[in-house]
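Residue strings, one per chain:
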Amino acid sequence: MDSIEAKESKFLSGENRYYVKPSMFDMIPGAPIAYWASDQFVENYKKCIFIDQIAVNTGSQNKPANNDKYVRFVWEVDANRIGPGNKWVIYSKGGESRKYYGNLLYVVDWSNEARSFYKNNPTSNLLKEEYWYEEGITYTKVSSKGTSFRYLPSGCVFDTGGPSIVQFKHNLFYILGFLNSKVCAQYLNIINPTINVQTKDISKIPLLIDKELTEHIEMTVRRCVSIAQDDWDSSETSHHFQSNPLILTKQDKVEDAFKILQNNSKVLRVEMEEKQQNINSHFNKIYGMDTDTSDTVDLKIITPTSAVKELLSYAVGCIFGRYSLDVPGIILSNPTLDRSQYTSIIPDDDNIVLIDDGGQGNDIVYRLVEFIKVAFGEKNLEDNLKFIADNLGIKYNGTARDGIRKYFLNDYYDDHIRTFHKCPIYWLFDSGNDNGFKALVYMHRYTPDLISKMRQDYLLPTLSRYTEQVKYAEGALKIEIQKKIEEIQVYDIAMEKYASVKVSIDLDDGVKVNYAKFQNIENPGSKKKINLLHPLK
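Rules used in this analysis
Residues numbered from 1 in each chain as written. Predicted model: local features only at pLDDT ≥ 70, side-chain atom pairs only at ≥ 80, totals over all residues. Heavy atoms only, no water. Salt bridge = Lys/Arg side-chain N within 4 Å of Asp/Glu carboxyl O. Helix = DSSP H or I, 4+ residues; strand = E, 2+ residues; numbered from the N terminus. Buried < 20%, exposed > 50% of the residue type's maximum accessible area, 1.4 Å probe, protein only. Pairing = 2+ DSSP bridges. Expected span 1.5 Å × (residues − 1). Phe/Tyr/Trp six-rings, centres within 6.5 Å; stacked < 30°, edge-to-face > 60°. Contact = heavy atoms within 4.5 Å. Axes fitted to C-alpha atoms, helices over the stretch in contact; angles between N-to-C directions. Parallel < 35°, antiparallel > 145°, perpendicular 65-115°, else oblique. Left-handed = near helix turned anticlockwise from the far one by under 90°.

S.K.: Hey, could you run me through the pattern of salt bridges in this one?
M.R.: Should the charged atoms of two oppositely charged side chains come close, the side chains can pair. Enumeration over the complete set of coordinates arrives at 26 salt bridges. For D349, the salt bridge is made with R339, and the minimal N-O distance between the two is 2.9 Å. In this pair, D349 is assigned in the loop between helix 11 (304-320) and strand 9 (353-354) and R339 in the loop between helix 11 and strand 9, connecting sequence segments 10 residues apart. What makes R339 partly exposed here is its relative accessible area of 41%. D348 is paired through a salt bridge with R367; the nearest N and O atoms lie 3.1 Å apart. One end of the pair, D348, is in the loop between helix 11 and strand 9; the other, R367, is in helix 12 (residues 364-376), with 19 residues separating them in the sequence. No difference in accessibility class separates D348 from R367, as the two residues are buried. Each of R81, K87 and D508 takes part in salt bridges that share partners, so that together they form one network.

So, in structure tokens, the structure goes:
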């Protein structure tokens with residue numbers, strides 16, 4: 001800390017002293033005391049227009065006031081019931097820092113009953129009808145990483161956490177580029193130096209439209225939107241997911257497919273960085289400012305582990321019929337299975353797949369091997385399985401199949417829960433830590449008789465198999481099998497009860513409500529309750 005003498009010396013020297021006419025602050029909307037702002041920063045206000053002159057920077061956003069009841073992740077509900085005219089509509093709620101496109105993770109209940117509640121409930125707000133489904137620009141209201149702006153496609157509505165600018169008369173993509181520029185960031189930092197950006201702050205930013213550069217900037221921004229959208233839609237959490245990126249390379253070796261994917265990703269990342277720098281440079285010129293043009297991009301980073309885990313997740317989706325190798329996009333998101341959509345991989349008949357069936361030849365690993373064989377060809381099957389097993393981030397002994405099974409037994413479901421934000425679409429019926437019984441089902445294909453079938457055709461035969469095996473086992477193996485038997489016997493108390501109850505679920509209620517129906521089941525012989533499903537950590 002400087003001494004009193006040192007501080008006095010600095011004061012008298014005039015170091016870091018600013019001389020500013022007070023009237024200068026009046027030219028900036030809100031008149032912030034921004035003594036460090038350059039003359040050019042202020043001068044731009046003399047020749048600008050504002051966003052409200054060419055678009056609607058609406059202060060009217062939707063507010064359900066009960067997200068648990070009215071808001072879902074896009075993957076929770078039937079995909080066929082999403083979009084204008086349906087019960088659910090894509091809902092922009094802000095989200096993490098991401099430029100140009102993305103964060104469209106949610107849907108909101110847009111039924112007549114729900115909209116009536118938003119309109120009449122004193123703590124809610126219904127978005128004005130004139131702003132429904134409008135193309136525009138959306139952003140995150142609160143962000144510690146700086147404000148980022150994204151293209152909002154038509155067909156959406158928006159929340160208080162994701163305010164939007166709609167009904168552009170012209171220059172939507174030009175404005176989007178400017179809002180994501182370093183120049184705009186500098187204006188926002190002075191207009192509102194907090195992490196909470198208000199719609200009124202956006203209205204105070206000066207807009208300079210350079211007619212000579214407009215076409216070039218808009219073309220550049222459209223390309224940025226396209227790259228960001230392809231990146232967003234390459235993940236299963238996007239409503240517009242089409243297929244797994246490794247599959248789309250059309251290679252017969254997973255390793256070769258990964259190399260192509262990784263290289264393409266690097267090329268797009270470099271292109272995006274160059275285009276963002278280009279945008280920053282153009283607006284420096286237009287505004288007569290000298291901000292740093294270097295910038296970061298928000299594209300996901302592809303690693304061997306992330307790539308193979310996404311491949312396995314997609315494979316599980318194909319095994320259950322959510323996806324098809326023959327038709328792009330989400331094929332099945334309700335109990336009605338249309339077999340005409342599948343030729344290469346036929347979905348599992350009863351919506352039940354064991355993690356380990358003891359070598360019976362129909363568990364998840366067996367089905368996965370068949371998937372890899374069809375998707376990449378039989379010629380390089382063993383090499384492909386080894387590449388997958390070696391890049392799952394686990395240590396294993398034995399064959400590649402052993403490694404993949406270990407991943408499904410111990411790590412797959414936690415990865416699935418993480419990917420789908422603790423709202424998994426594939427549910428793991430799990431007897432416990434001793435791995436006595438584990439079976440996957442697809443939530444959207446669930447029917448009330450599923451547990452009865454699972455118990456009769458899978459759980460009890462598994463118990464019989466272990467009961468027979470333990471007779472001939474010795475030492476540590478005998479103890480291991482005995483633990484599995486005891487675990488299954490306790491688990492079957494709940495299974496038997498639910499097999500007769502025939503529990504129903506409603507997809508509109510979302511994962512958490514439906515998942516809870518299978519948890520905390522009373523065990524007459526113990527104070528400890530039984531979970532049929534693996535806990536959501």
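S.K.: Even after reading the chapter, I still don't get the sheet that holds strand 2 (residues 71-73), so can you show me in this structure?
M.R.: To summarise the sheet geometry, strands pair through backbone hydrogen bonds and adopt either a parallel or an antiparallel arrangement. The strand order across the open sheet formed by four strands is 2-4-3-7, and the pairing between neighbours is mixed. A single partner strand is all that each edge strand has here, and the edge strands are strand 2 and strand 7 (157-158). Sheet topology note: the strand 3 (residues 88-92)/strand 7 ladder contains two bridges and is parallel. When the bridges of strand 7 are listed, S92 appears paired with F158.

S.K.: Can you help me understand helix 10 (residues 254-287) in this one?
M.R.: Here helix 10 contains 34 residues, and its C-alpha end-to-end distance of 49 Å stays within 8% of the 50 Å for a straight helix at 1.5 Å per residue. Within two residues after helix 10, G288 carries a phi angle of roughly 65°, on the positive side.

S.K.: I tried to follow the packing of aromatic side chains on my own but got confused; where do I start?
M.R.: Think of a pair of aromatic rings as described by two things: how far the centres are apart, and how the planes are tilted against each other in angle. Summed over the entire model, instances satisfying the criterion amount to 34 aromatic pairs. With a centroid separation of 4.9 Å and 25° between ring planes, the pair formed by F73 and Y106 is classed as stacked. Separated by 33 residues along the polypeptide, F73 in strand 2 and Y106 in strand 4 (residues 106-109) bring together distant segments of the chain. Aromatic side chains F283 and Y287 sit 6.4 Å apart centroid to centroid with 55° between the ring planes, which places their arrangement in the tilted category. Residue F283 and its partner Y287 are located together in helix 10, separated by four residues, close to a single helical turn. The pair formed by F283 and Y287 is uniform in burial state, with each residue classed as buried.

S.K.: Can you walk me through the sheet that holds strand 11 (residues 438-442) in this structure?
M.R.: Taken in spatial order, the three strands line up as 9-11-10 in an open sheet, and their pairing is antiparallel. Pairing within the sheet leaves two strands with one partner each, and these edge strands are strand 9 and strand 10 (426-430). With two bridges connecting them, strand 9 and strand 11 associate as antiparallel partners. Residue pairing in the sheet places L354 in a bridge with A439 of strand 11. Each of strand 10 and strand 11 touches helix 15 (residues 412-419); the most contacted strand, strand 10, lies at about 145° to it.

S.K.: Hey, could you run me through the packing of helix 13 (residues 381-390) against helix 14 (residues 400-410) in this one?
M.R.: At a minimum axis separation of 8 Å, helix 13 and helix 14 run at an interaxial angle of 40°. Overall, the two elements helix 13 and helix 14 adopt an arrangement that is oblique. Crossing of helix 13 against helix 14: the hand is left-handed. For the pair helix 13 and helix 14, the contacting residues are L381, E382, L385, K386, I388 and A389 in the first and A400, R401 and I404 in the second.

S.K.: What's the story with the side chain of S235 in this structure? I'm lost.
M.R.: Mapped onto the elements of the fold, S235 is located in the loop between helix 8 (211-233) and helix 9 (245-248). With a relative accessible area of 19%, S235 lands in the buried category. Setting aside anything within four residues of it in sequence, one finds S235 in contact with F241 and K300.

S.K.: I keep staring at the side chain of N62 and nothing clicks. Help me out?
M.R.: The topology assignment puts N62 in the loop between strand 1 (56-57) and helix 3 (67-70). Under the relative-accessibility criterion, N62 is labelled buried at 0%. Dropping the residues within four chain positions of it, N62 is found in contact with Y91, V108, W110, Y118, N125, L126, L127, F158, D159 and T160.

S.K.: How do you make sense of the environment of V490 when you look at a structure like this?
M.R.: Within the secondary structure, V490 is located in helix 17 (residues 475-501). The partly exposed category is assigned to V490, whose relative accessible area is 38%. Taking the C-alpha atoms as reference, V490 lies 53 Å from V225; in sequence the two are 265 residues apart. V490 has contacts with N523 and I530, leaving out every residue within four places of it along the chain.

S.K.: How should I be thinking about the pairing of strand 5 (residues 136-139) in this particular structure?
M.R.: Side-chain positions along a regular strand alternate between the two faces of the sheet. Of the two faces of strand 5, the one carrying G136 and T138 and the one carrying I137 and Y139 are both buried. In terms of strand pairing, strand 5 meets strand 6 (residues 149-152) through four bridges, oriented antiparallel. Paired with G136 across the strands is L152, a residue of strand 6. Relative to strand 8 (residues 164-166), strand 5 is paired through three bridges, and the arrangement is antiparallel. Each residue of the ladder has a partner; that of G136, found in strand 8, is V166.

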